[in-house]
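Residues per chain, in single letters:
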Amino acid sequence: MFRVDWPAIKRGFFLTAIPILAILVYFSYNYARFGSPTDTGYNYIFPDEFLAPGETRTFIEQRVSDLGILAKSRSGACHFIKWKSLSPF
């Protein structure tokens, strides 16, 4: 049924090498931008340094900070899609 021979091993290697290479490029890009391979930049969308003393975040800023941009709402739709659908552009 299945034969494990040298051509099959080479095909398996090449099939896994491309996604692994893509992940390594993505991690190195994040490391170059943020200093950590797993940091994707969500902390920098609404940074705490931009808040005035005594100022609190709005609901949207707090939700994006906690859950991210593509967090699902209770209805199941993504907020990003809702925001884009309200845009005139």
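The notes below deal with the structure included here. Only a predicted model underlies this, so the values are computations on that prediction, with no experimental measurement involved.

1. Regarding the overall build of the protein chain
Okay, so step 1: Counting its secondary structure elements, the protein chain contains three helices and zero strands.
Okay, so step 2: In sequence order, the protein chain lays out its α and β elements as α-α-α.
Okay, so step 3: For the protein chain, buried positions account for 11% of its 89 residues.
Okay, so step 4: Restricting the contact set of the protein chain to residue pairs at least 6 apart, pairs at least 24 apart contribute 8%.
Okay, so step 5: Entry remark: accessible area of the protein chain is about 7900 Å², with carbon and sulfur atoms responsible for 68%.

2. Some points on the packing of aromatic side chains
Okay, so step 1: Under the criterion given, the structure shown has two aromatic pairs.
Okay, so step 2: Ring centres of Phe13 and Phe14 lie 5.5 Å apart, and the angle between their planes is 65°; on these two criteria the pair is classed as edge-to-face. The same class applies to Phe13 and to Phe14, which are both exposed.
Okay, so step 3: Between Tyr26 and Phe27 the ring centres are 6.2 Å apart and the planes differ by 40°, which places this aromatic pair in the tilted class.
Okay, so step 4: Its relative accessible area of 40% is what places Tyr26 among the partly exposed residues.

3. Comments concerning helix α1 (residues 6-34)
Okay, so step 1: Over its 29 residues, α1 extends 41 Å from the first C-alpha to the last, a length consistent with the 42 Å expected when each residue adds 1.5 Å.
Okay, so step 2: Along α1, the helix axis deviates most sharply at Ala17, where the bend reaches about 25°; the proline Pro19 sits within four residues downstream.
Okay, so step 3: Gly35 lies just past α1 and shows a positive phi near 85°.

4. Quick word on the side chain of Asp39
Okay, so step 1: Inspection of the secondary structure puts Asp39 in the loop between α1 and α2 (59-67).
Okay, so step 2: One polar contact links the side chain of Asp39 to the main-chain amide nitrogen of Gly41, over a distance of 3.2 Å.
Okay, so step 3: Discounting chain neighbours no more than four positions away, the residues touching Asp39 are Asn30, Phe34 and Tyr44.

5. Topic: a nonpolar patch on the surface
Okay, so step 1: A surface patch of nonpolar side chains, amounting to about 380 Å² of accessible area, comprises Val4, Trp6 and Ile9.
Okay, so step 2: On the secondary structure map, Ile9 appears in helix α1.

6. Things to note about the side chain of Asn30
Okay, so step 1: Residue position: Asn30 is located in helix α1.
Okay, so step 2: Within the local environment of Asn30, its side chain forms a polar contact with the backbone oxygen of Pro37, the two atoms lying 3.5 Å apart.
Okay, so step 3: Those residues in contact with Asn30 that sit more than four places away from it in its chain are Gly35, Ser36, Pro37, Asp39 and Thr40.

7. Description of the environment of Asn43
Okay, so step 1: Structurally, Asn43 can be placed in the loop between α1 and α2.
Okay, so step 2: Once the C-alpha coordinates of Asn43 and Ser65 are considered, the two residues, 22 residues apart in sequence, prove to be 6.5 Å apart.

The rules behind the values
Residues numbered from 1 in each chain as written. Predicted model: local features only at pLDDT ≥ 70, side-chain atom pairs only at ≥ 80, totals over all residues. Heavy atoms only, no water. Helix = DSSP H or I, 4+ residues; strand = E, 2+ residues; numbered from the N terminus. Buried < 20%, exposed > 50% of the residue type's maximum accessible area, 1.4 Å probe, protein only. Contact = heavy atoms within 4.5 Å. Areas by Shrake-Rupley, 256 points an atom, 1.4 Å probe, with all protein chains shown as cover. Phe/Tyr/Trp six-rings, centres within 6.5 Å; stacked < 30°, edge-to-face > 60°. Expected span 1.5 Å × (residues − 1). Bend = angle between axes of the 7 residues up to and from the residue. Polar contact = N/O pair within 3.5 Å; in protein donor to acceptor, adjacent residues only side chain to side chain. Patch = residues over 30% accessible without salt bridge, like charges linked within 9 Å, V, L, I, M, F, W, Y side chains within 5 Å. Salt bridge = Lys/Arg side-chain N within 4 Å of Asp/Glu carboxyl O.

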